[in-house]
Amino acid sequence: MTSDDFSQTVRKIEDNLARVIRGKAESIRLLIISLLSGGHTLLEDAPGTGKTTLAKSLARSIDGVFRRIQFTPDLLPADITGSSFYSPKDGTFEFREGPVFANVVLADEINRTSPRTQSALLEVMSESQVTVEGKRRHLPLPFFVVATQNPIEFHGTYPLPEAQLDRFTLRITLGYPDAASEVDVLYSQNDRHPFETLASVVSCQEVLALQEHVKSVRFDKAIAEYLVRLAEATRSEPRLRLGISPRGSLALYRTAQARARTLGRDYVLPEDVRALAVPVLAHRMMLDTKAKYSGVRLPQLVEEILEKVPVPR
Amino acid sequence: MARTASIAVQEVESPLFRPPWPVLAAALVSFVTLGISARAFATLPFLALLMLAAWVFKTRLASGKWPIWAARAALLAIIFFSLGWQRSLFLPSYMFFDTRYVQPFGQLCAAELVIQCWKKRPAGGPLALGVLLISAIVFACGADTYEDRYIPYLAPAYFTFAGLALADLRGPRVRGLAMLLAALCIGGLVRLAMHRNRDAITMWTMKLVQRADLGEAIGLSDAPLLGSTRLAAASNIRVLRLEGDCAQMHLRALVFDTYAHGAWGPLQNQRMLEPVTPARLCFAEPGQRLRIARIVERCRYLFAPLHCVGLAPAPGSRLLWDRKFRAPIINEESGVAPYSYAVIPGLSAQHQGPLCAPLPEGERRECLALPGGPDPQYQRYPAVRELAQRIGGTLGTPLERVEEVVNYLRDHHEYSLTCEAGSGDPLANFLLDGKAAHCEYFASAAVMLLRCLDVPSRYVTGYLAHESAGPGKMVVRARDAHAWAESWIEGLGWVTVEATPPSGLPLAMQPPSFFVLAMEWFQDFWARAAAWFSGLSWGQLAGWGAAAAMACGILIGLLRKARQWLQRKRRLAATATVLYSGSDVALRALALRFEGLLRRLGAPCPAHRTWQEHIAALAGRTGSAHLDLEQAEVFLKQYNAARFGTPGDGTAAQRLQAVLGRLESVSPN
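Residues numbered from 1 in each chain as written. Chains lettered and ligands numbered in written order. Predicted model: local features only at pLDDT ≥ 70, side-chain atom pairs only at ≥ 80, totals over all residues. Heavy atoms only, no water.

Q: How do you make sense of the overall build of chain B when you look at a structure like this?
A: Counting its regular elements, chain B contains 19 helices and 16 strands. Relative to its full complement of 669 residues, chain B shows a buried share of 42%. Surface summary for chain B: the accessible area is close to 34,900 Å², and the carbon and sulfur share equals 62%. (Helix = DSSP H or I, 4+ residues; strand = E, 2+ residues; numbered from the N terminus. Buried < 20%, exposed > 50% of the residue type's maximum accessible area, 1.4 Å probe, protein only. Areas by Shrake-Rupley, 256 points an atom, 1.4 Å probe, with all protein chains shown as cover.)

Q: What is the right way to read the overall build of chain A from this model?
A: Across its full length, chain A carries 14 helices and 13 strands. A total of 313 residues make up chain A; the buried ones form 54% of that total.

Q: Got a minute to help me understand a nonpolar patch on the surface in this structure?
A: All names here are of chain B. On the surface, a nonpolar cluster with roughly 530 Å² of combined accessible area is contributed by Trp21, Trp55, Val56, Phe57 and Leu164. Among the secondary structure elements, tryptophan 21 is positioned in helix α1 (residues 21-37). Relative accessible area serves as the criterion here: at 52%, tryptophan 21 is assigned to the exposed category. (Patch = residues over 30% accessible without salt bridge, like charges linked within 9 Å, V, L, I, M, F, W, Y side chains within 5 Å. Salt bridge = Lys/Arg side-chain N within 4 Å of Asp/Glu carboxyl O.)

Q: Sorry, what's going on with the packing of helix α1 (residues 3-20) of chain A against helix α2 (residues 25-36) of chain A here?
A: Between two packed helices, both the angle of their axes relative to each other and the distance between the axes serve to describe the pair. Residues and elements named next belong to chain A. It is at 10 Å that the axes of α1 and α2 come closest, and there the two elements cross at 130°. The angle between α1 and α2 places the two elements in the oblique class. For the pair α1 and α2, the crossing hand works out as right-handed. Packed against α1, whose contacting residues are Phe6, Val10, Ile13, Glu14, Leu17 and Ala18, the element α2 presents Ile28, Arg29, Ile32 and Leu36 at the interface. Residue composition of the contact of α1 with α2, by class: 8 nonpolar, no polar and 2 charged. (Axes fitted to C-alpha atoms, helices over the stretch in contact; angles between N-to-C directions. Parallel < 35°, antiparallel > 145°, perpendicular 65-115°, else oblique. Left-handed = near helix turned anticlockwise from the far one by under 90°. Contact = heavy atoms within 4.5 Å. Nonpolar A, V, L, I, M, F, W, Y, C, P; charged D, E, K, R; others polar.)

Q: It is not clear to me how the sheet that holds strand β13 (residues 467-468) of chain B should be interpreted in this structure. Could you clarify?
A: Hydrogen bonds between backbone atoms are what pair the strands of a sheet, whose relative direction is either parallel or antiparallel. Residue and element names in this part refer to chain B. Strand order in the open sheet made by the 6 strands is β8-β11-β6-β1-β14-β13, with antiparallel pairing throughout. Only two strands of the sheet have a single neighbouring strand rather than two, namely β8 (310-312) and β13. Pairing of strand β1 (residues 238-244) with strand β6 (residues 290-294), which is carried by 5 bridges, proceeds in the antiparallel orientation. Along β6, the bridge assignment pairs leucine 240 with arginine 294. Together, β1 and β14 (473-477) form the strand contacts of helix α14 (residues 514-534), whose direction differs from that of β1 by roughly 75°. (Pairing = 2+ DSSP bridges.)

Q: Please explain unusual backbone geometry as it appears in this structure.
A: Most peptide bonds adopt trans geometry, and most residues besides glycine take a negative phi value. Cis geometry marks the peptide bond from leucine 141 of chain A to proline 142 of chain A; its omega dihedral reads -5°. Among the secondary structure elements, proline 142 of chain A is positioned in the loop between β8 (135-138) and β9 (144-149). Residues alanine 327 of chain B and proline 328 of chain B are joined by a peptide bond in cis, for which omega reads 0°. Although it is not a glycine, serine 128 of chain A sits at a positive phi angle of roughly 55°.

Q: Would you take a moment to explain α2 of chain A for this structure?
A: For an α-helix the count is 3.6 residues per turn, leaving residues at separations of three or four pointing the same way. Residue and element names in this part refer to chain A. Spanning 12 residues, α2 covers 16 Å between terminal C-alpha atoms, matching the ideal 16 Å at 1.5 Å per step. Among all positions of α2, only Ser27, Ile28, Leu30, Leu31, Ile32, Ile33, Ser34, Leu35 and Leu36 are buried. Backbone geometry just downstream of α2 places glycine 38 in the positive-phi region, at approximately 75°. (Expected span 1.5 Å × (residues − 1).)

Q: What is the right way to look at a negative patch on the surface in this model?
A: Where like charges cluster on the molecular surface, the negative patch consists of Glu400, Glu403, Glu404 and Asp411 of chain B. Its place among the elements puts glutamate 404 of chain B in helix α11 (residues 398-412). (Lys, Arg positive; Asp, Glu negative; His and termini not counted. Charge placed at Lys NZ, Arg CZ, Asp CG, Glu CD.)

Q: Hey, could you run me through the pattern of salt bridges in this one?
A: When the charged atoms of two side chains with opposite charge come close together, those side chains can pair. All told, the structure shown has 34 salt bridges over all chains when counted by the stated rule. Measuring nitrogen to oxygen at the nearest pair gives 3.6 Å for the salt bridge that ties glutamate 44 of chain A to arginine 171 of chain A. Of this pair, glutamate 44 of chain A sits in strand β1 (residues 41-44) while arginine 171 of chain A sits in strand β10 (residues 170-173); the two residues are 127 residues apart in sequence, bridging distant segments of the chain. For the pair formed by glutamate 44 of chain A and arginine 171 of chain A, the shared burial category is buried. Aspartate 433 of chain B serves as the salt-bridge partner of arginine 380 of chain B, at 3.0 Å between the closest nitrogen and oxygen. In this pair, arginine 380 of chain B sits in the loop between α9 (361-366) and α10 (381-392) while aspartate 433 of chain B sits in helix α12 (residues 426-433), placing the two residues 53 residues apart along the sequence. Taking relative accessible area as the criterion, arginine 380 of chain B reaches 28% and is therefore assigned partly exposed. Three or more residues joined by partner-sharing salt bridges are found here, namely Arg238, Arg241, Glu467, Arg477, Arg479, Glu520 and Asp524 of chain B.

Q: What should I look at first to understand the pairing of β1 of chain A in this one?
A: The side chains of a regular strand alternate, first on one face of the sheet and then on the other. Residues and elements named next belong to chain A. Burial along β1 is two-sided: the face carrying Thr41 and Leu43 and the face carrying Leu42 and Glu44 are both buried. Strand direction decides the pairing type here: β1 and β9, joined by 4 bridges, are parallel. Within β9, the position partnered with glutamate 44 by the bridge is glutamine 149. As paired strands, β1 and β10 are joined by 4 bridges and run parallel to one another. Across the sheet, the residue bridging to leucine 42 is arginine 171, located in β10.

Q: What should I look at first to understand the interface of chain A and chain B in this one?
A: As a measure of interface size, the accessible area lost when the parts come together is often cited. Facing the 35 residues of chain A at the interface are 31 residues of chain B. Of the roughly 2,600 Å² buried between chain A and chain B on both sides combined, carbon and sulfur atoms contribute 55%. Its largest share of buried area at the contact with chain B, chain A owes to Tyr267, Glu271 and Arg313 of chain A, together 31% of the area lost on that side. Where chain A meets chain B, there are 4 salt bridges. A salt bridge links arginine 313 of chain A to glutamate 595 of chain B, with the nearest nitrogen and oxygen atoms 3.9 Å apart. On inspection of chain A and its partner chain B, the count reaches 12 residue pairs in polar contact (both at pLDDT 80 or more). Elements with a contribution of two residues or more to the side of chain A that touches chain B: α7 (162-165), α10 (221-235), β12 (240-242) and α12 (270-281) of chain A. (Buried area = accessible area lost by both parts, 1.4 Å probe. Polar contact = N/O pair within 3.5 Å; in protein donor to acceptor, adjacent residues only side chain to side chain.)

Q: Would you mind going over the packing of helix α11 (residues 246-262) of chain A against α12 of chain A with me for this structure?
A: Residue and element names in this part refer to chain A. Following both chains from N to C, one finds α11 and α12 inclined at 130°, their axes separated by 9 Å at the closest point. Relative to α12, the element α11 lies oblique. Regarding α11 and α12, the two cross each other, and that crossing is right-handed. The residues of α12 that touch α11, namely those facing Gly248, Ala251, Leu252, Thr255, Ala256, Arg259 and Ala260, are Glu271, Asp272, Val273, Ala275, Leu276, Ala277, Val280 and Leu281. Split by residue class, the contact of α11 with α12 holds 10 nonpolar, 2 polar and 3 charged.

Q: I keep staring at the packing of aromatic side chains and nothing clicks. Help me out?
A: Any two aromatic rings considered together are summarised by their centre-to-centre distance and by the angle between their planes. In this structure the tally under the stated criterion is 25 aromatic pairs over all chains. Judged by centre distance (6.1 Å) and plane angle (75°), the rings of phenylalanine 95 of chain A and phenylalanine 101 of chain A are edge-to-face. Here the two residues phenylalanine 95 of chain A and phenylalanine 101 of chain A agree in accessibility, since each one is buried. Grouped by ring-pair contacts, the aromatic residues Phe256, Tyr259, Trp264 and Tyr459 of chain B constitute a single cluster. (Phe/Tyr/Trp six-rings, centres within 6.5 Å; stacked < 30°, edge-to-face > 60°.)

Q: Sorry, what's going on with empty space enclosed by the protein here?
A: Empty pockets left among the atoms are what a rolling probe the size of a water molecule brings to light. One pass over the full model with this rule turns up 4 cavities of 30 Å³ or more. Looking at the largest cavity, its volume works out to about 80 Å³. Pro270, Glu271, Val311, Pro312 and Arg313 of chain A together with Thr610, Trp611, Gln612, Leu636, Tyr639, Asn640 and Phe644 of chain B are the residues that line the largest cavity. At the level of elements, α12 of chain A together with α17 (611-619) and α18 (629-644) of chain B are the ones that each hand at least two residues to the lining of the largest cavity. (1 Å grid on protein atoms, 1.4 Å probe; cavity = no way out; pocket = protein on both sides within 12 Å on 5 of 7 lines; lining within 4 Å. Points joined across faces, edges and corners; volume = space filled by probe spheres on them.)

Q: In this structure, what is going on with α11 of chain A? I would like to understand it.
A: Residues and elements named next belong to chain A. Compared with an ideal rise of 1.5 Å per residue, which puts 17 residues at 24 Å, α11 spans 24 Å between its outermost C-alpha atoms and is within 8% of the ideal. In this structure, the buried side of α11 is in contact with α1, α2, β10, α9 (204-214), α10 and α12. Looking one or two residues past α11, glycine 264 carries a phi angle of roughly 85°, positive in sign.

Rendered as structure tokens:
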């Protein structure tokens with residue numbers, strides 16, 4: 001795959017998503033970066049801002065298997081991973097795959113199920129495999145989890161465990177569209193929802209090729225050191241109880257490569273690291289109790305840390 | 001503090017704990033303090049060495065946990081408090097913090113501190129903070145001492161190191177510890193300050209409670225009594241300020257000639273005080289004057305040297321004096337301070353001025369009278385007479401006798417602020433038993449011996465002025481109060497006889513500490529300011545108020561400008577070096593040149609921003625730098641490709657130089 005092919009394919013996905021989600025180019029770009037870096041995405045915002053639609057649109061843009069899991073309080077781990085059933089026909093146990101056996105999994109309202117069920121996703125997300133009854137089963141590639149959650153509500157929800165938050169490469173906040181885009185949304189859904197006419201524009205093989213191509217982007221050592229200095233700064237920040245894990249550094253490394261490639265560069269710049277610091281790092285950190293109740297917010301804290309660490313020239 | 005990556009946090013043992021150097025330095029200062037105050041010159045240096053060894057060696061003792069030592073410290077504290085409490089059952093409550101218990105407790109803490117340095121500790125614990133806290137306790141224990149001469153030097157050192165340690169450590173627990181440390185130190189310092197100034201505090205308390213006469217506080221008494229101690233020696237209260245022709249001199253206040261039962265008379269209320277006109281106090285035309293300001297309140301004496309030519313009181317003063325002794329000279333109106341008058345110094349050390357009245361026959365007898373009679377207290381006086389005859393009975397002239405008596409007293413008696421009066425007459429006991437005593441005894445003894453040798457003498461109290469307060473200035477304090485003798489020499493007149501050994505004279509005292517002098521400077525400054533302010537009219541007040549408001553405005557403006565200048569300088573300093581870790585020297589030079597260009601244009605890029613972001617921000621700002629933004633974008637794009645992209649053929653640097661050259665050419669230098 002050449003650079004031109006890469007750009008063209010990415011633009012196709014972008015245009016396809018932009019038909020459905022209006023005025024959210026930056027969020028779409030971040031979602032694609034997450035896909036290209038081989039990670040998973042957590043979409044977080046108030047109800048009705050288009051989280052599920054965006055996730056579904058991305059799934060439909062890829063010509064692969066798409067499954068949706070509606071997370072409810074009574075969901076069990078086996079409902080996600082799958083389980084063995086007794087077959088009276090031949091008297092054996094037959095494994096029936098759960099909804100995670102897909103290329104794109106939409107975990108809708110993920111925080112409405114208990115941490116016990118959420119834990120079923122830990123192995124799935126980090127290793128792209130399921131181990132049931134001692135047998136390991138690989139998931140189809142590419143494997144991409146898009147989870148949505150509504151951070152406003154507290155009743156009937158369970159906060160995501162830190163271990164699971166750390167497995168989401170990016171956390172994207174959609175936000176409300178601007179006035180012009182919202183007017184556009186109204187008219188675009190006058191006859192039918194544009195999602196209904198959405199067609200797939202990229203195959204699974206192409207996505208895998210895109211992911212491989214991202215890995216060839218040059219990452220200068222000075223920028224890698226800058227990235228690690230940022231991670232260290234979060235670890236020594238007194239307002240934080242939990243800083244960035246090496247998994248977080250790795251996620252920032254890979255997503256910076258993906259961003260550089262989507263912007264047509266074959267090398268990473270410090271700007272890439274800085275632009276992705278908030279979506280990649282903020283959700284992985286834990287505030288100190290005092291800081292939490294004194295109004296400190298994690299994205300602002302990441303911005304503050306960015307203002308402290310010198311950038312390589 | 002954020003923990004590193006692992007989510008399940010485990011208790012991991014830190015391999016080695018070494019306190020940071022400010023903590024170590026603070027601990028060492030606390031050891032020195034305790035070592036001096038507890039006189040533990042063997043144990044404390046040993047403990048300090050052990051602590052330093054813990055800093056040098058890597059071996060550590062078995063691990064213990066934070067709560068264990070906290071419980072241990074609490075136990076020690078309980079022991080300490082129970083000791084103090086038991087003691088307070090038998091003694092007044094001020095003995096609660098008796099140094100005898102504080103210092104052993106401090107030593108226990110010092111030992112605990114060493115143990116903490118030698119222990120293996122779990123990771124993540126507040127290690128250095130604990131050591132610092134214990135060192136604060138050790139220092140507080142060391143500062144609770146009567147040997148407080150070293151504390152003014154050690155306390156600033158300790159606080160500096162403790163502050164550095166706290167600044168160095170930081171973290172969420174530090175604020176709590178800092179408050180504890182500050183409370184401990186402030187408590188210790190207040191206690192120390194109260195201890196150091198206990199005389200002044202007592203005096204002020206007495207003043208508030210019963211408006212006591214300050215006669216004793218300034219070191220002079222209307223009825224001098226040969227007591228066993230001389231407490232006024234410690235007081236630093238300033239009594240007189242001298243300005244002009246200053247030299248060491250005896251400033252006399254009261255003169256006595258009657259001695260009975262260890263006390264000198266006549267008492268103040270038994271004297272016949274008469275008005276005296278300023279003309280009688282001045283024998284000569286005013287020449288060079290010595291200005292004296294009496295700055296202590298409730299004291300009405302005018303102090304003057306015996307051999308002065310004249311005394312010029314403040315205009316309008318109504319004076320009284322005891323004509324017989326020509327002393328005391330009293331200002332009739334009041335003792336309000338400050339009261340200024342002038343003294344015209346004598347032409348020679350023997351000049352017989354207005355304070356030297358000729359000795360009539362009646363007074364001569366009084367000045368030669370010795371205590372005696374049937375009173376059993378005076379049974380040793382024949383022996384005193386014999387002693388006097390042994391000393392100077394064979395000498396011809398009175399001056400020789402005076403000299404011999406002074407030499408005898410200085411050679412055979414030592415100076416001491418305390419004296420055991422013994423039974424009977426204290427003066428005879430002093431003379432015959434060869435005791436050590438203070439100046440009142442020496443002066444009284446000189447008077448008695450000289451009277452035995454037929455030299456009319458009397459007892460004088462006043463001040464010995466000796467402390468310089470700058471060129472041509474002196475200050476006299478309450479502790480300079482002194483007693484001496486005056487003798488009548490035929491053909492010469494009255495002379496001052498100083499019999500006290502040089503080691504006992506006020507001038508042998510340690511000069512006041514820096515803190516005392518600084519405090520006095522502030523007092524004087526405030527007094528001058530208050531006097532100046534009270535002398536202003538309403539118009540002047542309004543004028544000065546306006547001027548002060550303007551000055552404040554200008555000062556605030558200047559401070560703001562200075563702050564802006566400093567911030568700008570800091571920004572420049574932050575960007576003065578470029579974080580470049582690449583191997584291409586040419587690119588590094590280009591980066592420095594570009595950064596230098598931005599600085600020259602007054603828009604240096606902050607170290608935490610990328611050039612790209614900075615240029616984008618500049619582009620959005622109107623009238624910012626004189627920078628060709630398009631060319632700058634080109635430069636940055638090419639620079640980034642060369643710096644962070646795949647290494648090229650080496651021509652990138654040349655192209656970049658060309659672009660940068662264009663940029664520099666269009667920008668003003």
